[in-house]
2 protein chains.
Amino acid sequence: MKTIKDIAKLAGVSVATVSKVINGYPDIGAETRQKVMEIIVQEDYQPNAIAKSLSGKQSHSIGLFINYNPTPGLHQAFFQGVISGLEKTLGLCGYDFVLFADLRWREQGNFLQKCRTRQVDGAVFMGINKEEPGLTEVLESDLPAVFIDGDQIGKRSVCVVWNNYSGVRQAIEHFYNLGHRKIGMIKGYPNIKPTIERTEGFYQALRQFSLTCLPEWIVGDDYLEASGYQGMRQLLRLSSRPTAVFCQSDSIAVGALKAIEEAGLKCPDDLSIIGYDDLDLCKYIKPRLTTVRQDTVLMGKTAAKALIRLINNPDSEPTKSMVLPVELVVRDSCRKLYI
Amino acid sequence: MKTIKDIAKLAGVSVATVSKVINGYPDIGAETRQKVMEIIVQEDYQPNAIAKSLSGKQSHSIGLFINYNPTPGLHQAFFQGVISGLEKTLGLCGYDFVLFADLRWREQGNFLQKCRTRQVDGAVFMGINKEEPGLTEVLESDLPAVFIDGDQIGKRSVCVVWNNYSGVRQAIEHFYNLGHRKIGMIKGYPNIKPTIERTEGFYQALRQFSLTCLPEWIVGDDYLEASGYQGMRQLLRLSSRPTAVFCQSDSIAVGALKAIEEAGLKCPDDLSIIGYDDLDLCKYIKPRLTTVRQDTVLMGKTAAKALIRLINNPDSEPTKSMVLPVELVVRDSCRKLYI
DNA sequence: CCAGTTTACTAAACCGTTTTAGTAAGTGTT
DNA sequence: AACACTTACTAAAACGGTTTAGTAAACTGG
């Protein structure tokens, strides 16, 4: 591997001069600059990023903490899209990622330590629980950080979230426009952000459309298929049942569809269903599932931009939270109701 | 951030002594060691990985090149599982990953440069095409590398692949045991490894079971749903058609199922289908799809182990290629044929 | 023509480690 | 008591860059 010394020797100048040429310092003569550049190109020289990090302050790398077994409510395909979005935007700016795998951070939650030790310029957290120990240190530090779909706010950290309220409202509005007035809901795992917000959003939307809803129309306590199945069975047993059911995840909706079929009923003829997440399978099951899509790539790109802003403006007050729009994808699981 | 100097000062020894304590050198007295360790714990000191990399040879990081738009034949969920497997095994050994996002490697294909510049101890390539420029440099270098589902072989590099032959054989055997003797195939995108091997495996398996197959029973030229749909329509138009069709991907199978249904036929009653990949949706479509599962997490773990071996035994002859078993997952898309 | 300024460069310190070579004190041998 | 050996430590160079302070040479103005 060629070093800056080799280049300096070949160009007949000092290493300082080479460094200045590379970093665009003004106090270098035109011919010298020219000469050095030629050698750099000719030798295919690239500065050692490690040495650069140690010497300078910037490492041009971003720490990535991913919990692949997150709190329920995050689906599988989630990470892929976000990473891809992060990569596109941060890659353009010359950043690489340090994906922290070393298990020590999981056991001890020493996120900040890991970041310092690898000297990353910023960090992205995905699927990291709010209560995770070690997170406060990050929030109190001056490390630029962004939390994906989180609600942490710190000195130099922001979070990027989806607008759950809007997602639910669009779903309810769709039901409403189709003539549905009796709307139920199968909820996900309690006490976590998506559940809380989607539930709250549900009530808000009902109010907006002046609808009421019987307490027994709200069931469910997990994001999994099984919970959707159980929830729908409960609903079907009711004497006065809703004509449309909003499911807080697609998995729930899949379970619900199973229960509907098992009861000898048909979706959307007997019951309209909307899911949440827009998993791949929504297009393939029958009926094709109407659902709320969250743009994961956009999430990644937005997070990246926020992070770059935090890194480049060390003393600006950070925007605390960025809310992304979501979109209802209409397919075949809802029918028009003629009242 | 605490440095080794701080610790040395606090302990009243030289930095060399602290370094030796940390790295377990023998020429340190028991009391000194004890004292230094106490201070390290008390101060929660962790050595700077960057400085360590620059000084020593090992950086305890692994380069990761991921092409999210790979040649057709790799499905979405693929990467997630492999990364998770890599993470588990390499994380245990104290490695972190450097995920190369900086677009310069894509445009110029300078994989090796990127690795040298970040001083990674090894590299993993996923979805990287065999013809990619810059790959030869890697293969000729002494950089430990492993190619996921590839067929590159280099000085210090191995590849980890799935046994396509076995996968197809299991599928055909399943058909055979159910009584099928007329078996067709819908192929994927031509001239890439999975297609070549699955096609070859198909003929091998037919020979093994002494079956013959009309040329017009082999159709298809892409891994996508649309291709499966078209392929199946072709097959259904034949006067003498197969009773079972092996699809080289699940997407193909989904398209095929659509064509079957559209023709007023039913799977598995009129036609048995087997897919390949075990996508999530196989469990949710109707009929639930019998398919070949490739264990992505196992792939990641195996790759990790191979890489660690390459790193730790710099002069051992590397095993050139590691073949992983695959497994037929039997669901509802094949029927027993009474002859 | 000389003091002051500008230009274009370099030497050397520094970043936080590891590692080699060196050394002083203690131990054992004769 | 003189010698070699061992033990337990340290100074300093090295890794490959950046950056500060300094310095000759060239240029400027009065």
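Note: the structure precedes this text.
Residues numbered from 1 in each chain as written. Chains lettered and ligands numbered in written order. Predicted model: local features only at pLDDT ≥ 70, side-chain atom pairs only at ≥ 80, totals over all residues. Heavy atoms only, no water.

Participant: What's the story with the side chain of B:His174 in this structure? I'm lost.
Facilitator: Locating B:His174 in the fold gives a position in helix H9 (residues 164-177). In this structure, B:His174 is in contact with B:Ile274, B:Thr290, B:Leu328, B:Val330 and B:Cys334, ignoring residues within four places of it in sequence. (Helix = DSSP H or I, 4+ residues; strand = E, 2+ residues; numbered from the N terminus. Contact = heavy atoms within 4.5 Å.)

Participant: Which parts of the structure should I look at to understand the state of the cysteines?
Facilitator: A covalent bond between the sulfur atoms of two cysteines is what we call a disulfide. All names here are of chain A. Tallied over the entire structure, the rule returns zero disulfides over all chains. Looking at the unpaired Cys 159, the closest cysteine sulfur is the one in Cys 115, lying at 17 Å. The buried category is assigned to Cys 159, whose relative accessible area is 3%. The thiol sulfur of Cys 213 is not disulfide-bonded, and the nearest other cysteine sulfur, from Cys 247, lies at 14 Å. (Disulfide = S-S within 2.5 Å. Buried < 20%, exposed > 50% of the residue type's maximum accessible area, 1.4 Å probe, protein only.)

Participant: Can you help me understand the relation of the copies chain B and chain A in this one?
Facilitator: The operation relating the pair of chain copies consists of a rotation about an axis and a translation along that axis. You can overlay chain B on chain A at an RMSD of 0.1 Å; the transform is a turn of 180° with a shift of 0.1 Å along its axis. Here the transformation between the copies is reduced to the relation of a two-fold axis. Looking at the interface residues of chain B, 100% of them are also at the interface in chain A, so both copies use one shared face. (Least-squares fit on C-alpha atoms with pLDDT ≥ 70 in both.)

Participant: I keep staring at the pattern of salt bridges and nothing clicks. Help me out?
Facilitator: Here the idea is simple: oppositely charged side chains can pair when their charged atoms come close. Residue and element names in this part refer to chain A. Under the criterion given, the structure shown has 27 salt bridges over all chains. The salt bridge involving Arg 116 is made with Asp 142; its shortest N-O contact spans 3.2 Å. Taken together, the positions of Arg 116 in helix H7 (residues 111-118) and Asp 142 in the loop between helix H8 (135-140) and strand E4 (145-148) put the pair 26 residues apart, joining distant regions of the chain. The partly exposed category is assigned to Arg 116, whose relative accessible area is 28%. A salt bridge links Asp 332 to Arg 288, with the shortest nitrogen-to-oxygen separation between them at 2.8 Å. Placement of the pair is Asp 332 in the segment after strand E12 (327-329) and Arg 288 in the loop between strand E9 (272-274) and strand E10 (291-293), with a sequence separation of 44 residues. Each of Asp 278, Arg 293, Glu 327 and Arg 331 takes part in a single network of salt bridges with overlapping partners. (Salt bridge = Lys/Arg side-chain N within 4 Å of Asp/Glu carboxyl O.)

Participant: Mind showing me how you'd approach the protein's contact with DNA strand C here?
Facilitator: Taken together, 25 residues surround DNA strand C, and among them A:Thr17, A:Gly29, A:Thr32, B:Ser19 and B:Ser55 come closest. Residue A:Thr17 places a side-chain N or O atom 2.2 Å away from a phosphate oxygen belonging to DNA strand C. Note that a phosphate oxygen of DNA strand C is positioned 2.4 Å from one of the side-chain N or O atoms of B:Ser19. Broken down by secondary-structure element, the contributors of at least two residues to the surface near DNA strand C are helix H2 (15-22) and helix H4 (49-55) of chain A together with helix H1 (4-11), helix H2 (15-22) and helix H4 (49-55) of chain B. Considering only residue class, the surface near DNA strand C consists of 10 nonpolar, 10 polar and five charged. (Near = heavy atom within 4 Å. Polar contact = N/O pair within 3.5 Å; in protein donor to acceptor, adjacent residues only side chain to side chain. Nonpolar A, V, L, I, M, F, W, Y, C, P; charged D, E, K, R; others polar.)

Participant: I keep staring at the pairing of strand E1 (residues 61-66) of chain B and nothing clicks. Help me out?
Facilitator: Within a regular strand, the side chains alternate between the two sheet faces. Residue and element names in this part refer to chain B. Most of E1 sits inside the fold, with six of its six residues counted as buried. Residues Ser 61, Gly 63 and Phe 65 of E1 are buried on one face, and the alternating residues Ile 62, Leu 64 and Ile 66, pointing to the opposite face, are buried as well. Here E1 runs beside strand E2 (residues 96-99); their pairing, made up of four bridges, is parallel. What sits directly across from Gly 63, in E2, is Val 98. In the sheet, E1 pairs with strand E3 (residues 122-126) via five bridges, with the strands oriented parallel. Directly across from Ile 62, in E3, lies its bridge partner Gly 122. (Pairing = 2+ DSSP bridges.)

Participant: Explain helix H1 (residues 4-11) of chain A to me, please; I cannot follow it from the model alone.
Facilitator: Helical geometry: 3.6 residues make up each α-helical turn, so side chains three or four residues apart lie on a common side. Residue and element names in this part refer to chain A. Of all the positions in H1, only Ile 7, Ala 8 and Ala 11 are classed as buried. On an axial view of H1, the arc spanned by its buried residues comes to 100°, and they lie on one face. Turned more than 90 degrees off the buried face of H1, the exposed positions are Lys 5 and Lys 9. Count one or two residues on from H1 and you reach Gly 12, which has phi positive near 70°. (Arc of directions from axis to C-beta.)

Participant: I keep staring at the sheet that holds strand E5 (residues 157-162) of chain A and nothing clicks. Help me out?
Facilitator: Sheets are built from strands that pair by backbone hydrogen bonding, the pairs being arranged parallel or antiparallel. Read across the sheet, 12 strands follow the order E11(A)-E5(A)-E4(A)-E3(A)-E1(A)-E2(A)-E2(B)-E1(B)-E3(B)-E4(B)-E5(B)-E11(B) without closing on themselves; strand pairing throughout is mixed. The open sheet has two free edges, formed respectively by strand E11 (321-324) of chain A together with strand E11 (321-324) of chain B, since each of these has just one partner strand. Taken pair by pair, the neighbouring strands of this sheet meet at an average axis angle of 20°, ignoring direction. Docked against the sheet, helix H13 (residues 296-312) of chain A engages strand E1 (61-66), strand E3 (122-126), E4, E5 and E11 of chain A, running at close to 165° with respect to E5(A). Here helix H7 (residues 111-118) of chain B sits on the sheet in contact with E1 and strand E2 (96-99) of chain A together with E1, E2 and E3 of chain B, set at roughly 150° to E1(B). (Axes fitted to C-alpha atoms, helices over the stretch in contact; angles between N-to-C directions.)

Participant: Help me understand the pairing of strand E5 (residues 157-162) of chain B in this model?
Facilitator: Residue and element names in this part refer to chain B. With six of six residues buried, E5 lies mostly within the body of the structure. Burial of the side chains of E5 extends over both faces: Ser 157, Cys 159 and Val 161 are buried on one face and Val 158, Val 160 and Trp 162 on the other. Here strand E4 (residues 145-148) pairs with E5 via four bridges, running parallel. Each bridged residue has a counterpart across the sheet, and for Ala 145 the counterpart in E5 is Ser 157. Relative to E11, E5 is paired through four bridges, and the arrangement is parallel. The partner of Trp 162 across the bridge, within E11, is Leu 324.

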